[in-house]
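Structural characterization, general
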There are 2 protein chains.
Amino acid sequence: MFVEVVTTGSELLLGEIVNENSRYLSRELNALGYSVIYHTTVGDNPERMEGVLRTALQRADIVITTGGLGPTQGDMTKIIGARVMGVPLVYHEEIAEAIGEWVTAHHPDRELTENQKRQAMIPEGAVVFSNGAGTAPGTALKKGEKLLVHLPGPPLEMRWMYEHRLKPYLIRTFGSQGHIESLYMKIYDMGEAFIEDKLMDLIKGQSNPTLAMYARPGFVEVRITARAQTEEEARALMEPVRQELQKRLHRAAVTYNQETMAALLGRILKEKKMTVSAAESCTGGLVGSLITDVAGSSAYFLGSAGTYCNAMKEHILGVSADTLAAYTEVSSQTAAEMADGSRRLYGSDLAISTTGIAGPSGGSREKPVGLVYTGISGPRGTVTHKDIYPGDRTEVKRRAATRAVYYAVQYLLEHTEQE
Amino acid sequence: MFVEVVTTGSELLLGEIVNENSRYLSRELNALGYSVIYHTTVGDNPERMEGVLRTALQRADIVITTGGLGPTQGDMTKIIGARVMGVPLVYHEEIAEAIGEWVTAHHPDRELTENQKRQAMIPEGAVVFSNGAGTAPGTALKKGEKLLVHLPGPPLEMRWMYEHRLKPYLIRTFGSQGHIESLYMKIYDMGEAFIEDKLMDLIKGQSNPTLAMYARPGFVEVRITARAQTEEEARALMEPVRQELQKRLHRAAVTYNQETMAALLGRILKEKKMTVSAAESCTGGLVGSLITDVAGSSAYFLGSAGTYCNAMKEHILGVSADTLAAYTEVSSQTAAEMADGSRRLYGSDLAISTTGIAGPSGGSREKPVGLVYTGISGPRGTVTHKDIYPGDRTEVKRRAATRAVYYAVQYLLEHTEQE
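Model, not experiment: these values are computed from the prediction. (Residues numbered from 1 in each chain as written. Chains lettered and ligands numbered in written order. Predicted model: local features only at pLDDT ≥ 70, side-chain atom pairs only at ≥ 80, totals over all residues. Heavy atoms only, no water.)

**Description of the overall build of chain A**
Quick reminder of the rule: Helix numbers and strand numbers start at the N terminus; a helix is a DSSP run of H or I with at least 4 residues, a strand a run of E with at least 2. Any two residues having at least one pair of non-hydrogen atoms within 4.5 Å are treated as being in contact. His is not counted, nor are the chain ends, whereas Lys and Arg count as positive and Asp and Glu as negative. Charge positions come from single atoms, namely NZ of Lys, CZ of Arg, CG of Asp or CD of Glu.
The helix and strand tally for chain A stands at 15 helices and 17 strands. C-alpha extents for chain A along the principal axes are approximately 80 × 60 × 45 Å. Excluding contacts between residues fewer than 6 apart, the proportion of contacts in chain A whose partners are at least 24 apart in sequence is 68%. Charge separation in chain A, taken as the distance between the mean sites of 44 positive and 50 negative side-chain charges, equals 3 Å.

Rendered as structure tokens:
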């Protein structure tokens, strides 16, 4: 079945925010087996919105709107929707009561306003989706072969309503549309062009599963998508392709789907009962921040010593003045001594260090902006890596920090498995 | 003049990426005085794309497409565009040569393929936008009152083409559309509802400038937008509103537009010739990372001591064991001693500390998830702040780190101005 997602709101047309609602609904609906074939955005203008909804109902089976369900005069989606579907709006006492309870619970000093009562006006014959994350109810109105759904606009409410209301409703009403399953394989130390070269025949030749590639900050994502009747069948279709990718790319470490490299590092450290610390110059604390983004990281993360100036590299980490003088702070020697120093300072089993030139100034011909040395110090010795990252200051920092965590995982897998 | 932005590409309809091109073009075109009234996204399907372009050309004066100009068979935007405008495609020898030069320069081992030659087919009568950031040329075809523009899809190429080709073309062709100017005022320590309450009459009553509010991670953004003939006139319209906001909200520190609180901190520190360091527990390094996102921060940032475990709070920062035993690590006493310890360790003029419970576990009735103490230690003594932040682990970290930088600015403004 074909779906059009219609988002409303002038902040979208003014370019103030990206359209996260369209992205979210598209991903979710595709996973359920629906084909999203149009996105449309329109502002708070009754004629334009009416035209958009009429066009959408002609060219799609299911039209889902987000936004314009709030209590203000500008919130007109439901009114226009009812007009286009040819039904009146009717007042629902129990919805008004529910809104009243929500308002009282969250703002004990306020009373229900006339505006808020408007939210209890519902297109006649519509299924009402009560809102567990806000006040505006959603609706679904089916007429003949067409379905018009209204969801609230704030992303948190919209997601809650999709997950708890619309998704079950679609499954109940239309049954299974088959299943589309995607697996995202994240590669941390190869360029997009290089990976594409290794996978070109697969990318071009496959129809189910399909393969696609995306450059992300600090890694490349390869998406495998399969369509089948059930989730299990879809997974079974994907598995041989995943193995083929593993074989062709044979990386020390990849992660899948939402798992970050820092989460994988955490899993390995917990398994090996090891602790980790960091020493950061050019990343400024971002390595520590990535590691502590993982819930439960206090079990293995001891801390990160940020040493942005050379005096602190000496004072706190014990990097030797001779090393700094002979090789400068941006060198593999300094990276190695920083990592060793962090391991000593924290008494950790493994330490990660970064030192480099995040830019925009400070680069030279020999040491350009983007040059970063990473050190990994552990029970089997200290290794360093040299990379030159593209992008602006924050991008260099992000790439360097992500890659540093990757190098730590690589070290653990390569250096401790033989033991 | 009314504009519709038409984006193409199945990765948008699959929900794999957010629609950054629509956001970018909308913001830019609004600033030039054009009204963007629709966004539409459609996939690589000839019939649907034709329908979308016909509808767009009926309801808007200017239709701008992005994507589908590449060398593959799926890239069909130009073909459909020419069909809808009723003109043939013609081969441009000089464009083919330019593409050939680009390919040779970037891939010396490759020859121009038949597919790449397709990129040199241009709608008859169109102005050609040569592409300084890739191979696919853009086009602008004017016929009667309607203008159809094709830009490439990769965001970097699209932005380059807008800035260097389409923007000058629009100004040349249509002259000034007046000027729309926006100012974004960022408030770091007041909730959205509280700010709305203080500004409600302004938000409702104004037509030029207009006011709008958005909750962002760690701050609230108030947008002032004015329309006038020139940038100066627009700014003059905004200034009294800005002053009124300052008066009503009277914050110690706000930032405007792209400036972050860390950038403001940097400006003040440089002005006062002071240095800063940090000591981070629950933020894991994110305070240091935010500070070092600012170019030139090495002039005043000495480093951040991440101490995720209590032993390191004692060992590195000199927090007393008695304090930790009596008040635990999540307390204003510990935050104060961490900040003092960081100032001692780095020899900095000002130090920022954070300690709290990022979650999802570790909370209790007295000390819930999201509870964060921030300490600021400086020449006029040590102050602490207690906050409870909503959201998941990464959100608590982000809010706490952003607010910590804000507290440092507040300290500098309040505690050093009397000197």
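Structure shown, so let's carry the discussion forward.
**With respect to the pairing of strand S2 (residues 35–42) of chain A**
Residue and element names in this part refer to chain A. Threshold: Each residue gets one of three labels from its accessible area relative to the maximum for its type: buried under 20%, exposed over 50%, partly exposed in between, using a 1.4 Å probe on protein chains only. When DSSP finds two or more bridges between a pair of strands, those strands are recorded as paired.
Burial within S2 is extensive, with 7 of its 8 residues counted as buried. When strand S1 (residues 2–8) meets S2, the two strands line up parallel, connected through 7 bridges. Residue Glu4 lies in a different strand from S2, and its bridge partner there is Tyr38.

**Topic: the relation of the copies chain A and chain B**
Worth spelling out the cut-off: Overlaid copies result from least-squares superposition on C-alpha atoms, with residues included only where pLDDT is at least 70 in both.
After a rotation of 180° and a shift along the axis of 0.4 Å, chain A superposes on chain B with an RMSD of 0.5 Å. Taken together, the rotation and translation relating the two chain copies correspond to the operation of a two-fold axis. Judged by C-alpha distance, Gly285 of chain A is the residue of chain A that lies nearest the rotation axis, at 1.8 Å. Both copies contact each other with a shared surface, as 98% of the interface residues of chain A are interface residues in chain B too.

**Quick notes on the side chain of Thr374 of chain B**
All names here are of chain B. Examined against the element boundaries, Thr374 turns out to sit in strand S16 (residues 371–378). By relative accessible area, which is 0% here, Thr374 ends up buried. Those residues in contact with Thr374, other than ones at most four positions away along the chain, are Ala335, Ser353, Val383, Thr384, His385, Ala404 and Tyr407.

**Here we look at the sheet that holds strand S10 (residues 210–216) of chain B**
Residue and element names in this part refer to chain B. As summarised here, the arrangement of the 4 strands in space is S10-S11-S9-S12, forming an open sheet in which the pairing is antiparallel. The sheet terminates laterally at S10 and strand S12 (255–256), the two strands that pair on one side only. Pairing geometry for S10 and strand S11 (residues 219–228), over 7 bridges, is antiparallel. For Ala212, the partnering residue across the bridge sits in S11 and is Arg223.

**Considerations on the environment of His150 of chain A**
All names here are of chain A. The line we're drawing: Nitrogen and oxygen atoms within 3.5 Å of one another constitute a polar contact, given that in protein one can donate a hydrogen and the other can accept it, and given that sequence-neighbouring residues count only through two side-chain atoms.
Here His150 lies in strand S8 (residues 146–151). Along the primary structure His150 and Phe129 are separated by 21 residues, whereas in three dimensions their C-alpha atoms are 9.2 Å apart. The residues touching His150, leaving out its near neighbours within four places in the chain, are Thr65, Leu69, Thr77, Lys78, Gly81, Gly138 and Thr139. Engagement of the side chain of His150 in a polar contact is seen with the side chain of Thr65, the distance being 2.7 Å.

**Section: the interface of chain A and chain B**
Worth spelling out the cut-off: Defined here as a combined quantity, buried area equals the accessible surface (1.4 Å probe) lost by two parts on assembly, summed across both. Counted as salt bridges are all cases of a side-chain nitrogen of Lys or Arg within 4 Å of a carboxyl oxygen of Asp or Glu. Polar here means any residue other than Ala, Val, Leu, Ile, Met, Phe, Trp, Tyr, Cys and Pro, which are nonpolar, and Asp, Glu, Lys and Arg, which are charged; Gly is therefore polar.
With 61 residues of chain A at the contact, the number on the chain B side is 60 residues. Between chain A and chain B lies a buried interface of about 5,000 Å² when both sides are counted; carbon and sulfur atoms form 54% of it. Remark: the boundary between chain A and chain B carries 4 salt bridges. Of the charged contacts, one joins Glu16 of chain A and Arg223 of chain B as a salt bridge, the two residues approaching to 2.0 Å between their closest N and O atoms. Our count for the contact surface shared by chain A and chain B stands at 30 residue pairs in polar contact (both at pLDDT 80 or more). Looking at the side of chain A that touches chain B, the element that brings in the most residues is S2 of chain A, giving 7 residues. Grouping the amino acids of the side of chain A that touches chain B by side-chain chemistry returns 26 nonpolar, 23 polar and 12 charged.

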